[in-house]
There are 2 protein chains.
Amino acid sequence: MVFKKEIMNQLKEEILSLRLTPGTIISETALSERYQLSRTPIRDILKQLSLEDYIHIYPKKGNIVSYIDLESVEQIIYLRYALEKEIMKELMRGIPLKDLHVLKDNLLRQLQCIDEPENTDAFLELDDEFHKTMFILAGREFLWELIQQFNVHYVRYRKLHMLKKDKLKEIQQEHQFILDCIVGGEEGRIDELLHHHLRSDIRFIDFQEPYTQYIKQ
Amino acid sequence: MVFKKEIMNQLKEEILSLRLTPGTIISETALSERYQLSRTPIRDILKQLSLEDYIHIYPKKGNIVSYIDLESVEQIIYLRYALEKEIMKELMRGIPLKDLHVLKDNLLRQLQCIDEPENTDAFLELDDEFHKTMFILAGREFLWELIQQFNVHYVRYRKLHMLKKDKLKEIQQEHQFILDCIVGGEEGRIDELLHHHLRSDIRFIDFQEPYTQYIKQ
DNA sequence: GAAAGTAATCTTGTATACAAGATTTTAGTT
DNA sequence: AACTAAAATCTTGTATACAAGATTACTTTC
């Protein structure tokens, strides 16, 4: 028995990983046959996917995997920038040694992923884990999960962006700076650090072929 | 012909206004008969309502209007606090006179609503309009709409909170301070202002009967 | 009368037939 | 060959019958 949640997570994963490329047609009957389920529960899944912007439903025509919306990417980055500034201030007021160790351990694992191009996905997961941990330590896991619900465009953008040049080393170092800042307590540097870490790249977007066709016009 | 969107907006409005009180049973067949529609489209509506936390679906048991989740309220307030701080900084860099007039006009209309207890709802709408306008002027309407999707708990909390004591005058004055700050340019006061405006009340929640039964335990 | 077990009746979940719009194909005409 | 029009075939949207779990009511038993 295949559960609806499994199917949905599987579809989400395939879309986020870009194995299902933007524009791909997702028909109810195809999924229905693939998973040996009637159209009704399949429709439930597609409805939810459309609400989270994974797909776009054209009534009586069909459903396609959504194109990457750069406007959404920029807005989500701004949201994270504003939030994480506040969260860093919170953590600077004092962070337990045990929790500090969790973050340091994460950075070590990031280092191990660098220079191994096949480990880009693993690095991105550690990146997420680093930021999520900060959210959790500040008592803001709720907001982290909230943002995740609007991450379709950002996650895919980041994946393409990472492929372009190998920025992994740079990102890892910035994470190190962030951690140093939390421990060292230079509140004045927070804005500059996060601005560069999150917002600096978005202005210079120019994806090469064949990725331009993934972008919403 | 009754459209699905109309039905959903109607249900949302009834829940937000507390005419449909938390805990009220919402059965598919009841709605089906009320709107002369089959269960299938009704289920679509309920599915979406549950994703936005308006209702809670208990599989094979039934659906109820969700209870007010104070945790969600606090988190959303924190989110707005962090975001609006950033937005105010943005607006302080310069705001067109025309746009300034829009905000000033809004504050005048707020004044007119005060002292007329039957106009509390109108005041709340103007409150939203004031903040939304700031988002729009800073180019962040996207984020305003994003927050709206998680507002079920906050909107209902605020409604009850406003009923308690008449805080309308105080709120209007704080809006005035915010506007003065944007024009005057005292960046140091932003944090203090918004902290008081958004976050100060949430700690002292103690709803009286009969409202305690609306709150999620 | 109290407790237990069973049956009836609720609820939502799923499968399927049909409706209706959009697209594609095909046949016919010029 | 090119254009037009109609028909066939896609698609999703809706209605409805049935499935299955949860609750309620009732009957039986002690």
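Keep in mind the model is a prediction, meaning the values are calculated, not measured.

(A) Geometry of the protein's contact with DNA strand D. Around DNA strand D sit 18 residues in total, of which R39 and R43 of chain A together with S38, T40 and K61 of chain B are the nearest. By atom count, sugar and phosphate contribute 64% of the portion of DNA strand D lying within 4 Å of the protein. Side-chain polar atom of K4 of chain B to a phosphate oxygen of DNA strand D: 3.2 Å apart, as the coordinates give it. It is helix α3 (residues 39-51) of chain B that provides the largest number of residues to the surface near DNA strand D, a total of three residues. Residues of the surface near DNA strand D, tallied by class, amount to three nonpolar, six polar and nine charged.

(B) The arrangement of the pattern of salt bridges in detail. Summed over the entire model, instances satisfying the criterion amount to 38 salt bridges over all chains. Salt-bridge contacts for K98 of chain A lead to D99 of chain A; the nearest nitrogen and oxygen are separated by 3.4 Å. For K132 of chain A, the salt bridge goes to E145 of chain A, with nearest N and O atoms at 3.5 Å. With K132 of chain A in helix α6 (residues 120-137) and E145 of chain A in helix α7 (residues 141-148), this residue pair connects regions lying 13 residues apart in the sequence. Assessed through its relative accessible area of 28%, K132 of chain A is described here as partly exposed. Shared partners join several salt bridges into a network, and the residues in it are K4 and D44 of chain A together with E28, R39 and R43 of chain B.

(C) Geometry of the relation of the copies chain B and chain A. Screw-axis analysis of chain B against chain A gives a translation of 0.0 Å along the axis, an RMSD of 0.1 Å, and a rotation angle of 180 degrees. Taken together, the rotation angle and the small translation identify this as a two-fold axis. Closest to the rotation axis within chain B is the C-alpha of A82 of chain B, separated from it by 2.9 Å. Residue by residue, 100% of the interface of chain B is reproduced at the interface of chain A, so both copies engage with the same surface.

(D) Looking closely at the interface of chain B and chain A. In this complex, chain B contributes 28 residues to the contact, which on the side of chain A involves 28 residues. For the pairing of chain B and chain A, the buried interface totals around 2,700 Å² over both sides, and the portion due to carbon and sulfur atoms is 58%. The largest share of the area that chain B buries against chain A comes from Y78, R140 and F142 of chain B, three residues that together contribute 23% of it. The tally of links from chain B across to chain A stands at six salt bridges. For E86 of chain B, the salt bridge identified is with K85 of chain A, shortest N-O distance 2.8 Å. Here chain B and chain A share 14 residue pairs in polar contact (both at pLDDT 80 or more) between them. For the side of chain B that touches chain A, the secondary-structure elements that each account for two or more residues are α3, α4 (70-92) and α7 (141-148) of chain B. Taken together, the residues of the side of chain B that touches chain A break down into 12 nonpolar, five polar and 11 charged.

(E) Fine view of the protein's contact with DNA strand C. Of all residues adjacent to DNA strand C, which total 17 residues, the nearest are S38 and T40 of chain A together with R39, R43 and N63 of chain B. A share of 63% of the atoms of DNA strand C within 4 Å of the protein falls on sugar and phosphate groups. The side chain of R39 of chain B places a nitrogen or oxygen atom 3.0 Å from a base nitrogen of DNA strand C. R43 of chain B is positioned such that a nitrogen or oxygen atom in its side chain is 2.3 Å from a phosphate oxygen of DNA strand C.

(F) Inspection of the pairing of strand β1 (residues 55-58) of chain B at higher detail. Residue and element names in this part refer to chain B. As defined by bridge partners, β1 adjoins strand β2 (residues 62-65) across four bridges and the pair is classed as antiparallel. Bridge pairing in β2 places I55 opposite V65. Where β1 folds back onto β2 in an antiparallel hairpin, the turn is made up of three residues, including K60, whose phi is positive at roughly 60 degrees.

(G) Region of the structure containing the side chain of E86 of chain A. Relative to the helices and strands, E86 of chain A resides in helix α4 (residues 70-92). Overall, E86 of chain A belongs to the buried group, its relative accessible area being 6%.

(H) Representation of the packing of aromatic side chains. This model, assessed by the stated rule, comprises nine aromatic pairs over all chains. Here the guanidinium or amino end of R140 of chain A rests over the ring plane of Y78 of chain B, the centre of that ring lying 3.6 Å away.

(I) Examining the domain arrangement of chain A more closely. All names here are of chain A. Its domain assignment divides chain A into domain 1 (4-65) and domain 2 (70-214). If you average the C-alpha positions of domain 1 and of domain 2, the two centres end up 29 Å apart. At the junction of the two partners, domain 1 supplies 10 residues and domain 2 supplies eight residues. Taking both sides of the interface into account, the surface hidden between domain 1 and domain 2 amounts to around 930 Å²; carbon and sulfur atoms contribute 66%. It is L16, L18 and P22 in domain 1 that bury the most area against domain 2; as a group they hold 52% of the surface buried on that side. Summed over the shared surface of domain 1 and domain 2, the number is zero salt bridges. Linking domain 1 to domain 2 there are one residue pair in polar contact (both at pLDDT 80 or more). Classifying every residue of the side of domain 1 that touches domain 2 by side-chain character gives six nonpolar, two polar and two charged.

(J) Main features of the environment of L160 of chain A. Residues and elements named next belong to chain A. With respect to the secondary-structure elements, L160 resides in helix α8 (residues 152-164). Residue classification places L160 among the buried positions, given a relative accessible area of 1%. When the C-alpha positions of L160 and F207 are compared, they lie 8.0 Å apart, and in sequence the two are 47 residues distant. Those residues within four positions of L160 in sequence are excluded, and the remaining contacts are L18, I68, F207, Y211 and Y214.

Basis of the calculations
Residues numbered from 1 in each chain as written. Chains lettered and ligands numbered in written order. Predicted model: local features only at pLDDT ≥ 70, side-chain atom pairs only at ≥ 80, totals over all residues. Heavy atoms only, no water. Near = heavy atom within 4 Å. Polar contact = N/O pair within 3.5 Å; in protein donor to acceptor, adjacent residues only side chain to side chain. Helix = DSSP H or I, 4+ residues; strand = E, 2+ residues; numbered from the N terminus. Nonpolar A, V, L, I, M, F, W, Y, C, P; charged D, E, K, R; others polar. Salt bridge = Lys/Arg side-chain N within 4 Å of Asp/Glu carboxyl O. Buried < 20%, exposed > 50% of the residue type's maximum accessible area, 1.4 Å probe, protein only. Least-squares fit on C-alpha atoms with pLDDT ≥ 70 in both. Contact = heavy atoms within 4.5 Å. Buried area = accessible area lost by both parts, 1.4 Å probe. Pairing = 2+ DSSP bridges. Phe/Tyr/Trp six-rings, centres within 6.5 Å; stacked < 30°, edge-to-face > 60°. Lys NZ or Arg CZ within 6 Å of the ring centre and 35° of its normal. Domains from an automatic or database assignment.

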